[in-house]
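These are the residues of each chain, in order.
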Amino acid sequence: MTVSAPNPHDTARILVEALPYMQRYDAATVVVKYGGHAMGDVEASRWFAQDVAILKEVGINPVVVHGGGPQIGKMLDRLGIKSEFRAGLRVTDQATVEVVEMILAGSINKQIVAAINAEGGRAIGLCGKDGGMVAARKVTRTVIDPESRIEEVVDLGFVGEPDRVDRTVLDWVIKSDLIPVIAPVATATDGPQTYNVNADTFAGAIAGAVEAKRLLLLTDVPGVLDRDKRLIDQLSVEEARRLIADGVITGGMIPKVETCIYAVERGVEGVVILDGKTPHAVLIELLTEGGAGTLITR
């Protein structure tokens, strides 16, 4: 099959449109959370790797934080380890946290590194434990018993949330030609125990610590939808809170939006929830006028 060369006028138009955005993000740090569902498609994974490599090439500093929930679930099934979810989070015992670390900081992390390198980037794999980057505290959650209606504390095992972020290693990597790819596992604040950290929350903490200009949450949905299931292009923190209170934002979108609010309140200029399976979603969001997904700002 013969592939025709791109029209030079179309190429020039694209470059003219992208240039102001390239200047806006020049030397800025952009944190991209790459979700477990978004990374399931081979072609979409290649688009993502190309986007990240291009960002570094044009002078933007991408930092990739990745999840891997579906992949963890498959491995636990293969090993005969039963998963239990309570309060929306995976209960993580000692056997489970060992598998989580193996999948996140091992196979998935290195696959993403290899994919970015194959597209011309120079990626390096890290996790929250490296250089004491992220210290986590144990997560506590409560649920209402459906029969007694009594609130009870849920023990989620080795599930943590970021307590402190030391940006020493990240600063060194960001200033180099390397692209950090970070798995969301961390060491406990009060000891050597490993904690499994929600990737969205982890990305929000990293973005806040490095004062990122943008945090992009790539997932398998187009963004925040209104009551008529239409995409909302932009929200303020106050508007986002109101949509949660009014029941417009529900289910799994609530913790994502709460992560956006958390990051914005810690200095991130804007956070975007977008569909990671859209071809070149990262470049569309950062380097075109229309963008993609839902932008949440102060």
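Summary of the structure given here. (Residues numbered from 1 in each chain as written. Predicted model: local features only at pLDDT ≥ 70, side-chain atom pairs only at ≥ 80, totals over all residues. Heavy atoms only, no water.)

**Notes on the overall build of the chain**
And then number 1: For the chain, the count of helices and strands is nine helices and 16 strands.
And then number 2: Against the compact-globule benchmark of 19 Å for 298 residues, the chain has a radius of gyration of 19 Å, which places it among compact chains.
And then number 3: Principal-axis analysis of the C-alpha atoms places the extent of the chain at approximately 70 × 40 × 40 Å.
And then number 4: Counting every position in the chain, which comprises 298 residues, the buried fraction comes to 48%.
And then number 5: On the chain, roughly 14700 Å² of surface is accessible, and the fraction owed to carbon and sulfur atoms is 52%.
And then number 6: Taking the average location of the 31 positive side-chain charges in the chain and that of its 40 negative ones, the two points are 1 Å from each other. (Helix = DSSP H or I, 4+ residues; strand = E, 2+ residues; numbered from the N terminus. Rg over C-alpha atoms; globule rule 2.2 N^0.38 Å. Buried < 20%, exposed > 50% of the residue type's maximum accessible area, 1.4 Å probe, protein only. Areas by Shrake-Rupley, 256 points an atom, 1.4 Å probe, with all protein chains shown as cover. Lys, Arg positive; Asp, Glu negative; His and termini not counted. Charge placed at Lys NZ, Arg CZ, Asp CG, Glu CD.)

**What to know about the pattern of salt bridges**
Note on pairing: side chains with opposite charge can pair once their charged atoms come close.
And then number 1: Under the defined criterion, the tally for this structure stands at 13 salt bridges.
And then number 2: With a closest N to O distance of 3.3 Å, Glu161 and Arg137 form a salt bridge. Here the residue Glu161 occupies a position in strand S9 (residues 159-165), and Arg137 occupies one in strand S6 (residues 134-138), the gap between them amounting to 24 residues.
And then number 3: Notably, a salt bridge pairs Asp163 with Arg137, separated by 2.7 Å at the nearest N-O pair. (Salt bridge = Lys/Arg side-chain N within 4 Å of Asp/Glu carboxyl O.)

**With respect to the sheet that holds strand S13 (residues 214-219)**
And then number 1: On the basis of which strands lie adjacent, the open sheet formed by eight strands has the order S5-S10-S2-S1-S13-S15-S16-S14 and mixed pairing. Single-partner strands in this sheet number two, and they are strand S5 (123-127) and strand S14 (234-236). With strand direction ignored, the average angle separating the axes of adjacent strands in the sheet is 20°.
And then number 2: Pairing geometry for strand S15 (residues 270-275) and strand S16 (residues 294-297), over four bridges, is antiparallel. Directly across from Val271, in S16, lies its bridge partner Ile296. (Pairing = 2+ DSSP bridges. Axes fitted to C-alpha atoms, helices over the stretch in contact; angles between N-to-C directions.)

**A look at the pairing of S9**
And then number 1: Inspection of the sheet shows S6 paired to S9 by five bridges, in the antiparallel sense. Within S9, the position partnered with Val134 by the bridge is Val165.
And then number 2: Direction of pairing for S9 relative to strand S12 (residues 194-197): parallel, over a ladder of two bridges. Looking across to S12, one finds that Val159 is bridged to Asn196.

**Digging into the sheet that holds S9**
Consider a sheet: its strands pair through backbone hydrogen bonds, and that pairing is either parallel or antiparallel.
And then number 1: Strand order in the closed barrel formed by four strands is S6-S9-S12-S11, with mixed pairing between adjacent strands. Averaged over all pairs of adjacent strands, the angle between their axes in this sheet comes to 60°, without regard to strand direction.
And then number 2: In the packing of helix H4 (residues 94-118) onto the sheet, contacts are made with strand S11 (185-188) and S12, and the angle to S12 comes to roughly 65°.
And then number 3: The strands that helix H6 (residues 199-209) touches are S6, S9, S11 and S12; relative to S9, the one it contacts most, it runs at about 0°. (Contact = heavy atoms within 4.5 Å.)

**Observations concerning unusual backbone geometry**
And then number 1: Of note in the backbone geometry, Lys229 takes a positive phi value of approximately 65° without being a glycine.
And then number 2: Note on placement: Lys229 falls in the loop between S13 and S14.
And then number 3: Despite not being glycine, His280 has its phi angle at roughly 55°, a positive value.
And then number 4: Along the chain, the position of His280 falls in the loop between S15 and helix H9 (281-287).

**Some points on empty space enclosed by the protein**
And then number 1: Evaluated as defined, the whole model comprises one cavity of 30 Å³ or more.
And then number 2: For the largest cavity, the calculated volume is near 50 Å³.
And then number 3: Every residue along the wall of the largest cavity is listed here: Ala44, Trp47, Phe48, Asp51, Leu218, Gly276, Thr278, His280, Ala281 and Val282.
And then number 4: Looking at the lining of the largest cavity residue by residue, the class counts come to six nonpolar, three polar and one charged. (1 Å grid on protein atoms, 1.4 Å probe; cavity = no way out; pocket = protein on both sides within 12 Å on 5 of 7 lines; lining within 4 Å. Points joined across faces, edges and corners; volume = space filled by probe spheres on them. Nonpolar A, V, L, I, M, F, W, Y, C, P; charged D, E, K, R; others polar.)

**Quick word on H6**
Each turn of an α-helix holds 3.6 residues, which means side chains three or four residues apart point in the same direction.
And then number 1: Burial within H6 is extensive, with nine of its eleven residues counted as buried.
And then number 2: What H6 keeps buried is the set Ala199, Asp200, Phe202, Ala203, Gly204, Ala205, Ile206, Ala207 and Gly208.
And then number 3: For H6, the N-terminal cap is Asn198; the gap from its side-chain oxygen to the backbone nitrogen of Asp200 is 3.0 Å.
And then number 4: Downstream of H6 by a residue or two, Glu211 has a phi angle that is positive, lying close to 55°. (Polar contact = N/O pair within 3.5 Å; in protein donor to acceptor, adjacent residues only side chain to side chain.)

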